[in-house]
Amino acid sequence: MSILVLAEHDNASLNAATLAVVSAAKAIGGDVDVLVAGEGCGAVAEQAAQVDGVSKVLVADNAAYGHQLAENLSLLITELGKGYSHILAAASTTGKNVLPRVAALLDVDQISDIIAVESADTFKRPIYAGNAIATVQSSAPVKVITVRGTAFDKAAETGGSASVEQVGAAHDAGTSAFVGEELAKSDRPELAAAGIVVSGGRGMGNGENFEILYSLADKLGAAVGASRAAVDAGFVPNDMQVGQTGKIVAPELYVAVGISGAIQHLAGMKESKIIVAINKDEEAPIFQVADYGLVADLFEAVPELTGKV
Amino acid sequence: MKVLVAVKRVIDYNVKVRVKSDNTDVDLTNVKMAINPFCEIAVEEAVRLKEQGVASEIVVVSMGPKACQEQIRTALALGADRGIQVETEDKLDSLAVAKLLKAVYDEEKPDLVILGKQAIDSDNNQTGQMFAALTGLPQGTFASEVKVADGKVSVTREIDGGLQTVALNLPAVVTTDLRLNEPRYASLPNIMKAKRKPLDVKTPADLGVEVASSVTLLKVEAPAERSAGIKVGSVDELVEKLKNEAKVI
Ligand SMILES: Cc1cc2nc3c(=O)[nH]c(=O)nc-3n(C[C@H](O)[C@H](O)[C@H](O)COP(=O)(O)OP(=O)(O)OC[C@H]3O[C@@H](n4cnc5c(N)ncnc54)[C@H](O)[C@@H]3O)c2cc1C
């Protein structure tokens, strides 16, 4: 068996999500090769070569892959992927965008968002917003899989010494073009990788009020997340949404502030080690999953908490 | 311009699904079903394009058993012009749906195909991308804004780091995210009108598509439940617990 892992990166550094995918690949067993497709992405390839357990790094450095456009990248992965038993990517917006395209080009079903490897062909994955866990077996000649990052330990960033090989023709489908992006800038830790996450919901009332959460987060070294309602209302940007259809987090500590605890929100955070809920409604469903619940007005409790931690 | 919208019948998003006691699947008997919320957003976007004079006809398609005609009627009540049901009792995986959709696409030749980014039952997030691959069309997934002009569609996408905008040649595929629009409610007169709109029924065999899957569902289990926690009486007590009991700060 040999496994191809699609590296997640921004042409400058390797995203930690890839380390979890490498772990999933190692759990499947066999040689693990990492594909770094991008533009001017040599530094990423060097980092990937250091990752523990990686046999070979394939680098496709071309303008066509600079922005990870699915139309181009899927052609490359399909070409390279034919010799592999498995093709894996993170269940990130990049992986979700590209991998189903690869699966269809290879005429195989895809298995999305796995949380456990049972054997080389059998995997567990959450369905129905995590209210059920399916065990599925694939008979596809190439298994195309996305991996939930929070479900696997990260492979060590060092200890490996993979060879680096330039590969792949430039595939430019010519049907799509990158126009621009607005990336969130923050000095706080990345939501998906943070050890502590503080999230606000509709109860925050408006965007300015999120400042009290930022103060708490900065004191704790935490990332800040949000419910869908807070994003829809324009309090905070979309990249902060935690949940079934947003980001999945599983930190050591998750603090839900002014969040009711809808199933779609719980789907994104209920694997957290410790959950704290601050809500003025003692009947709020979030208390059913909280290790520590505080029935209080958040505008009093949060500043007090910030002062005391 | 003609727009094709694909919709799926799923469990209502307010319902918490239960696992069957024999662990073969989830139990959907007597459960309230509805149009997948992301598909509803897709229909709404198509209707808005028609209202702006960009789209001239909206065709809505669903694959599944007879009951999915209800969801096609919902889409027709929201403003789609006609429906197509691809009738099958088989369990369909995303690739099979993408193949069926391609067959419909080849017959209908729309300029834009809009789907939801994921169905809230299987949570796969695959069909739009697979369909785009099979047809060789460009894709704008997880869209929060769609603008059609000069033979292209500009799609703003919700990505992990923020927002990304891509320009796609038409025909193109768009999959919707939550912020694209807020679907309207169908009015009673429109619900009545929808009953008389045309709805064609086809089978996978009519379309020449094999719907077999390479994935076998071995088991479905309930997730591990979190054990109930406690209520603390004050911020001081919370801090004390987090420091000394949970040891997370
Ligand atoms: C297809 C689909 C996908 C979805 N995906 C997601 C997702 O990924 N993530 C997600 O989060 N949601 C998602 N949702 C939405 C979800 O169903 C809920 O609507 C949403 O999570 C509610 O957000 P909320 O808890 O902030 O708001 P509400 O449910 O309105 O809760 C606000 C809470 O704040 C409390 N509160 C108000 N004022 C105060 C105060 N001063 N002090 C203390 N507490 C206060 C209230 O008691 C209440 O419990 C999705 C829904 C659909 C249909």
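Residues numbered from 1 in each chain as written. Chains lettered and ligands numbered in written order. Predicted model: local features only at pLDDT ≥ 70, side-chain atom pairs only at ≥ 80, totals over all residues.

1. Considerations on the overall build of chain A
If you tally the helices and strands in chain A, you get 8 helices and 16 strands. In summary, chain A has a C-alpha radius of gyration of 20 Å against a globular reference of 19 Å for 309 residues, a match within 12%. In terms of overall dimensions, chain A has C-alpha extents of about 60 × 40 × 40 Å along its principal axes. Out of the 309 residues in chain A, the part that is buried amounts to 62%. (Helix = DSSP H or I, 4+ residues; strand = E, 2+ residues; numbered from the N terminus. Rg over C-alpha atoms; globule rule 2.2 N^0.38 Å. Buried ≥ 20, exposed ≤ 12 C-beta atoms within 10 Å, placed from the backbone.)

2. Remarks on the overall build of chain B
Per the secondary structure count, chain B includes 7 helices and 15 strands. Across its three principal axes, chain B shows a C-alpha extent of roughly 65 × 45 × 40 Å.

3. Comments concerning helix α4 (residues 93-105) of chain A
Side chains that are three or four residues apart share a direction in an α-helix, a result of its 3.6 residues per turn. Residue and element names in this part refer to chain A. Across its 13 residues, α4 extends 19 Å between first and last C-alpha, which sits within 8% of the 18 Å expected from 1.5 Å per residue. Most of α4 is tucked away: 12 of the 13 residues are buried. When α4 is considered as a whole, its buried residues turn out to be T93, T94, G95, K96, N97, V98, L99, P100, R101, V102, A103 and A104. Backbone geometry just downstream of α4 places D107 in the positive-phi region, at approximately 60°. (Expected span 1.5 Å × (residues − 1).)

4. Topic: the domain arrangement of chain A
Residues and elements named next belong to chain A. Taken domain by domain, chain A comprises domain 1 (2-166) and domain 2 (191-308). On a C-alpha basis, the centroid separation for the pair domain 1 and domain 2 is 30 Å. Residues that form the side of domain 1 that touches domain 2 fall into these classes: 3 nonpolar, 4 polar and 1 charged. (Domains from an automatic or database assignment. Nonpolar A, V, L, I, M, F, W, Y, C, P; charged D, E, K, R; others polar.)

5. Looking at helix α1 (residues 17-28) of chain A
Residues and elements named next belong to chain A. When the terminal C-alpha atoms of α1 are compared, their 17 Å separation across 12 residues agrees well with the 16 Å that a helix rising 1.5 Å per residue should span. Listed as buried for α1 are A17, T18, L19, A20, V21, V22, S23, A24, A25 and I28. Residues of α1 that are buried sit in contact with β1 (2-6), β2 (31-38), β4 (86-90), β5 (110-114), β6 (116-119) and β9 (143-147). G29 sits one or two residues past α1 and shows a positive phi near 100°. (Contact = placed C-beta atoms within 7 Å.)

6. Some thoughts on the interface of chain B and chain A
Of the residues lining the interface, 66 residues belong to chain B; the matching set on chain A comes to 72 residues. Put simply, the parts of the chain that give the side of chain B that touches chain A at least two residues each are α3 (94-108), α4 (127-135), β9 (139-149), β10 (152-159), β11 (162-169), β14 (215-221), β15 (230-232) and α7 (235-245) of chain B. Counting residues per element, the side of chain B that touches chain A draws most heavily on β11(B), at 8 residues. A per-class count over the side of chain B that touches chain A returns 33 nonpolar, 20 polar and 13 charged.

7. Structural notes on the confidence of the model for chain B
Mean pLDDT for chain B: 97, with 100% of residues reaching 70 or above. Predicted complex, confidence summary: ipTM 0.97, pTM 0.98. (pLDDT = per-residue confidence, 0-100.)

8. Regarding the pairing of strand β14 (residues 253-257) of chain A
Residue and element names in this part refer to chain A. For β14, the tally of buried residues reaches 5 of 5 residues, placing the bulk of the element in the interior. Bridge count between strand β12 (residues 196-200) and β14: 5 bridges; the pairing is parallel. Counted as the bridge partner of S199 is A256 from β14. Taken together, the 5 bridges between β14 and strand β15 (residues 274-279) define a ladder with parallel strand orientation. Directly across from V257, in β15, lies its bridge partner I278. (Pairing = 2+ DSSP bridges.)

9. Description of the UniProt feature "domain: Electron transfer flavoprotein alpha/beta-subunit N-terminal" (unreviewed entry) in chain A
The residues that UniProt annotates with the feature "domain: Electron transfer flavoprotein alpha/beta-subunit N-terminal" (unreviewed entry) are residues 3-182 of chain A. Within residues 3-182 of chain A, the helical portion is 26% and the strand portion 34%, while the C-alpha atoms at the span's ends are 33 Å from each other. (UniProt positions renumbered as here; feature names shortened; annotations may be inferred.)

10. Observations concerning the sheet that holds strand β11 (residues 176-183) of chain A
In sheet architecture, strand pairing relies on hydrogen bonds along the backbone and comes in two forms, parallel and antiparallel. In space, the 10 strands of this open sheet follow the order β11(A)-β11(B)-β10(B)-β9(B)-β12(B)-β8(B)-β1(B)-β6(B)-β7(B)-β13(B), with mixed pairing throughout. Because the sheet does not close on itself, it has two edges, and the strands there are β11 of chain A together with β13 (199-202) of chain B. Strand-to-strand, the axes of this sheet are offset by a mean angle of 25°, without reference to chain direction. The pairing of β11(A) with β11(B) spans 7 bridges and is antiparallel. Pairing of G180(A) across the sheet is with T165(B), part of β11(B). (Axes fitted to C-alpha atoms, helices over the stretch in contact; angles between N-to-C directions.)

11. So, the nonpolar core
By size, the foremost hydrophobic cluster in this structure holds 198 residues, and its most contacted members are V5(A), L35(A) and V5(B). The residue makeup of this core includes at least three contributed by each of domain 1 (2-166) and domain 2 (191-308) of chain A. Apart from the residues lying within four places of it in its own chain, the contact partners of V5(A) are T18(A), V21(A), V22(A), A25(A), V32(A), D33(A), V34(A), L35(A) and L88(A). (Core = buried A, V, L, I, M, F, W, Y, C linked by C-beta atoms within 7 Å.)

12. Here's the deal with the site of the ligand
Around the ligand sit 30 residues in total, of which G201(A), G203(A), R228(A), A229(A) and G243(A) are the nearest. Near the ligand, the surrounding residues belong to chains A and B. Residue assignment for the shell around the ligand shows that the elements contributing at least two residues are α6 (228-232), α7 (263-266) and α8 (298-308) of chain A. For the shell around the ligand, the leading source of residues is α6(A), giving 3 residues. (Near = placed C-beta within 6 Å.)

13. A closer look at the UniProt feature "domain: Electron transfer flavoprotein alpha/beta-subunit N-terminal" (unreviewed entry) in chain B
Cross-referencing UniProt, the feature "domain: Electron transfer flavoprotein alpha/beta-subunit N-terminal" (unreviewed entry) maps to residues 23-211 of chain B in the present numbering. Annotated as residues 23-211 of chain B, this span is 32% helix and 32% strand, and its ends, taken at the C-alpha atoms, are 25 Å apart.

14. A few points about the sheet that holds strand β8 (residues 132-138) of chain A
With antiparallel pairing, the 4 strands of this open sheet are ordered in space as β6(A)-β7(A)-β8(A)-β14(B). The open sheet is flanked by β6 of chain A together with β14 of chain B, the only strands paired with a single partner. This sheet shows a mean twist of 30° between the axes of neighbouring strands, independent of strand direction. Inspection of the sheet shows β6(A) paired to strand β7 (residues 122-127) of chain A by 3 bridges, in the antiparallel sense. The residue bridging A116(A) from the neighbouring strand is K124(A), located in β7(A).

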